[in-house]
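Residues per chain, in single letters:
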Amino acid sequence: MIYGLCLLLIVVGLYGVVTKRNVVKIVISLAIMEYGINLFLVLVGYRTHGTAPILEEGMMPETLVAQSVDPLPQALVLTSIVIGLAVLALMVALCVRLYERYGTFDVTEMKKLKG
Amino acid sequence: MALLGILLFLMIIGAVIAVETRNLLSSIVCLGAIGFLLSIVFLFLGAPDLAITQLVVEILCLVILIRATIHRRVETVAGNREFVGLAVTVVMLAIVLMLAISMMAGFPSLGTSVLDRMAQAPSHFYLLQGKAQTGVTNIVTAILLDFRAYDTLGEATVLFCAVMGALAVLRRSARRRPEEGDAGDEGEGGAE
């Protein structure tokens, strides 16, 4: 059920990407999709009543294996979040450039996108 | 688990508002709300590193998006593309969602991570040997900066390329006045 809600979040973002006319809104929808996918990957590594994968004072690594959540998806999602920010900056830069060229954010009015 | 469902439900409401509202600024604010809720969800899922990173990234996203749209004529662009029709799009997306949910049937249920199912999973090695081999008590940091440091190097490369691309796109008329340098500042938020 939690997985289903997460997939629904991704599909809402996909809906925005497919149907919206405003370029900035397409960028926002892509960001929503990205959040959903990151959350899905972290949910895959979740364990019920799991703790954060951080060793405390006097704790043996074996107890960490027994009770912590999976650290590997977290490390890779951390990479993905930061890359998402850089890609969003690039997309917004392209949007600003398109606005300077055409005076609008409307994709249906950008008819000179060739060459 | 019910709390997680409520938070996810709020995120979906925020996403629908962000996609459907007419005002672009409130759409951006809704995106911020989704990001902060996601940060809280990460805290509940036992990922404090992710929660902190998500907060910082969310603030930078808001700054970049608001800086790009605040002075521009934005309210006039609303409504949908007449691509294949709204009803067809919604039906197709519903089919996509149904397919995705039906594919989750063979998926292990939530709460049983790979640590419970496989004794040979690499996470076992990271959790057991992380402190001994790297001297770091936070295993996520140990994976990120030691066991999988090449991934982080690739991440830094992608980050550099994206910021360079943003600066190159935002640079004004370099071919005519090469001594002017870049005038854009929207892309620099991602540089840190």
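The preceding data block contains the structure.
Residues numbered from 1 in each chain as written. Chains lettered and ligands numbered in written order. Predicted model: local features only at pLDDT ≥ 70, side-chain atom pairs only at ≥ 80, totals over all residues. Heavy atoms only, no water.

Chemist: Even after reading the chapter, I still don't get the interface of chain A and chain B, so can you show me in this structure?
Modeler: Interface size is commonly expressed as the accessible surface area that is lost when the partners come together. Counting from both sides, the interface comprises 79 residues of chain A and, opposite them, 93 residues of chain B. A buried area of about 8000 Å², summed over both sides, lies between chain A and chain B, and 76% of it is on carbon and sulfur atoms. The largest contributions to the chain A side of the interface with chain B come from Tyr35, Tyr46 and Leu85 of chain A, which together make up 9% of the buried area. Counting across the interface, chain A meets chain B through one salt bridge. (Contact = heavy atoms within 4.5 Å. Buried area = accessible area lost by both parts, 1.4 Å probe. Salt bridge = Lys/Arg side-chain N within 4 Å of Asp/Glu carboxyl O.)

Chemist: Would you explain the packing of aromatic side chains in this entry?
Modeler: Remark: the centre distance and the inter-plane angle together describe each pair of aromatic rings, the angle taken between the planes. Evaluated as defined, the whole model comprises six aromatic pairs over all chains. Through a chain of ring-to-ring contacts, three or more aromatic side chains come together here, namely Tyr3 and Phe40 of chain A together with Phe107 of chain B. Directly above the ring of Tyr102 of chain A sits Arg101 of chain A, whose terminal nitrogen or CZ lies 5.8 Å from the centroid. (Phe/Tyr/Trp six-rings, centres within 6.5 Å; stacked < 30°, edge-to-face > 60°. Lys NZ or Arg CZ within 6 Å of the ring centre and 35° of its normal.)

Chemist: Mind showing me how you'd approach the pattern of salt bridges here?
Modeler: Close approach of charged atoms allows side chains of opposite charge to pair. Overall, the coordinates contain two salt bridges over all chains when judged by the stated rule. A salt bridge links Glu20 of chain B to Lys20 of chain A; its shortest N-O distance comes to 3.5 Å. With Glu20 of chain B in helix α1 (residues 2-20) and Lys20 of chain A in the loop between α1 (2-19) and α2 (23-44), the pair connects residues from two separate chains. (Helix = DSSP H or I, 4+ residues; strand = E, 2+ residues; numbered from the N terminus.)

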